[in-house]
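These are the residues of each chain, in order.
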Amino acid sequence: MSTDDLIEIQQLLARYAVTISQGDIEGVIGVFTPDGTYSAFGDTYALEEFPELVEAAPKGLFMTGTALVDIDGDTATGTQPLCFIDQSTHNMRIGYYKDTYVRTAEGWRLRTRAMTFMRRSGAHDSGIPHSYKNSKEAKASQA
């Protein structure tokens, strides 16, 4: 495991946190591989769904901690802590991302990112279905 690879992955994850906090959807998409996915709220979302997913999500600050990364050649896995603070209410959500990474011609990229929320009850789960998915299904059933 090289220090250069670790630094590159850490910068990739910093880019994710900064761009999503700023509402820069193209920046968020740019940290993923073309077949990349994000899992949360009981569903997995492909890149083409990211603009609508991010639009439907609360806005706020994504504060991430240093990821624990295990590199194996041109692939890697990692876990990164997250504290999300809602911009309008300052309510917090805490949890962690479980990631897979791949080295591409453009450098390291996220292939998968899965969110786990840490609840006051002590539970760790992926959350309730997101309003984006619910509104998408409702529109499809009305068509």
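All of these numbers come straight from a predicted model, not from anything done at the bench.

**Focus on the overall build of the protein**
Okay, so step 1: Scanning the protein for helices and strands turns up four helices and eight strands.
Okay, so step 2: Out of the 143 residues in the protein, the part that is buried amounts to 38%.

**Concerning the nonpolar core**
Okay, so step 1: Membership of the largest hydrophobic core comes to 31 residues, with the highest contact counts inside it found for Ile9, Tyr16, Phe32, Tyr38, Phe50, Tyr101 and Leu110.
Okay, so step 2: For this core, the secondary-structure elements that each account for two or more residues are helix 1 (3-21), helix 2 (25-29), strand 1 (32-40), helix 3 (50-56), strand 4 (68-72), strand 5 (75-86), strand 6 (92-104) and strand 7 (107-118).
Okay, so step 3: Those residues within four positions of Phe32 in sequence are excluded, and the remaining contacts are Tyr16, Thr37, Leu47, Phe50, Arg109, Leu110, Arg111 and Arg113.

**Some details on the pattern of salt bridges**
Okay, so step 1: According to the stated counting rule, one finds four salt bridges in the structure shown.
Okay, so step 2: Residue Asp35 pairs with Arg111 through a salt bridge whose shortest N-O separation is 3.6 Å. With Asp35 in strand 1 and Arg111 in strand 7, this residue pair connects regions lying 76 residues apart in the sequence.
Okay, so step 3: In this structure, the salt-bridge partner of Asp99 is Arg113, at a minimum N-O distance of 2.8 Å. Of the two residues, Asp99 is situated in strand 6 and Arg113 in strand 7; the sequence distance between them amounts to 14 residues. Of the two residues, Asp99 and Arg113, both sit in the buried class.
Okay, so step 4: What you see here is one network of salt bridges that share partners, running through Asp5, Asp74 and Arg103.

**Looking at the packing of aromatic side chains**
Aromatic ring pairs are reported here in terms of the distance separating the ring centres and the angle at which the planes meet.
Okay, so step 1: Enumeration over the complete set of coordinates arrives at four aromatic pairs.
Okay, so step 2: Relative to Tyr97, the ring of Tyr16 has its centre 5.7 Å away and its plane inclined at 80°; by these criteria the two rings are edge-to-face. With Tyr16 in helix 1 and Tyr97 in strand 6, this residue pair connects regions lying 81 residues apart in the sequence. For the pair formed by Tyr16 and Tyr97, the shared burial category is buried.
Okay, so step 3: Ring geometry for Phe32 versus Phe50: centroids 5.1 Å apart, planes at 85°, classification edge-to-face. Highlighted residues: Phe32 in strand 1 and Phe50 in helix 3, separated in sequence by 18 residues.
Okay, so step 4: Note on Phe50: relative accessible area 3%, which makes it buried.
Okay, so step 5: An aromatic cluster of at least three residues, connected via ring pairs, comprises Tyr16, Phe32, Phe50 and Tyr97.
Okay, so step 6: One cation-aromatic arrangement involves Arg113 over Tyr16; the distance from NZ or CZ to the ring centre is 4.5 Å.
Okay, so step 7: The positively charged end of Arg113 is found above the aromatic ring belonging to Tyr97, 3.7 Å away from the centroid.

The rules behind the values
- Residues numbered from 1 in each chain as written.
- Predicted model: local features only at pLDDT ≥ 70, side-chain atom pairs only at ≥ 80, totals over all residues.
- Heavy atoms only, no water.
- Helix = DSSP H or I, 4+ residues; strand = E, 2+ residues; numbered from the N terminus.
- Buried < 20%, exposed > 50% of the residue type's maximum accessible area, 1.4 Å probe, protein only.
- Core = buried A, V, L, I, M, F, W, Y, C linked by side-chain atoms within 4.5 Å.
- Contact = heavy atoms within 4.5 Å.
- Salt bridge = Lys/Arg side-chain N within 4 Å of Asp/Glu carboxyl O.
- Phe/Tyr/Trp six-rings, centres within 6.5 Å; stacked < 30°, edge-to-face > 60°.
- Lys NZ or Arg CZ within 6 Å of the ring centre and 35° of its normal.

The quantities given are spatial measurements derived from coordinates; they are silent on function.
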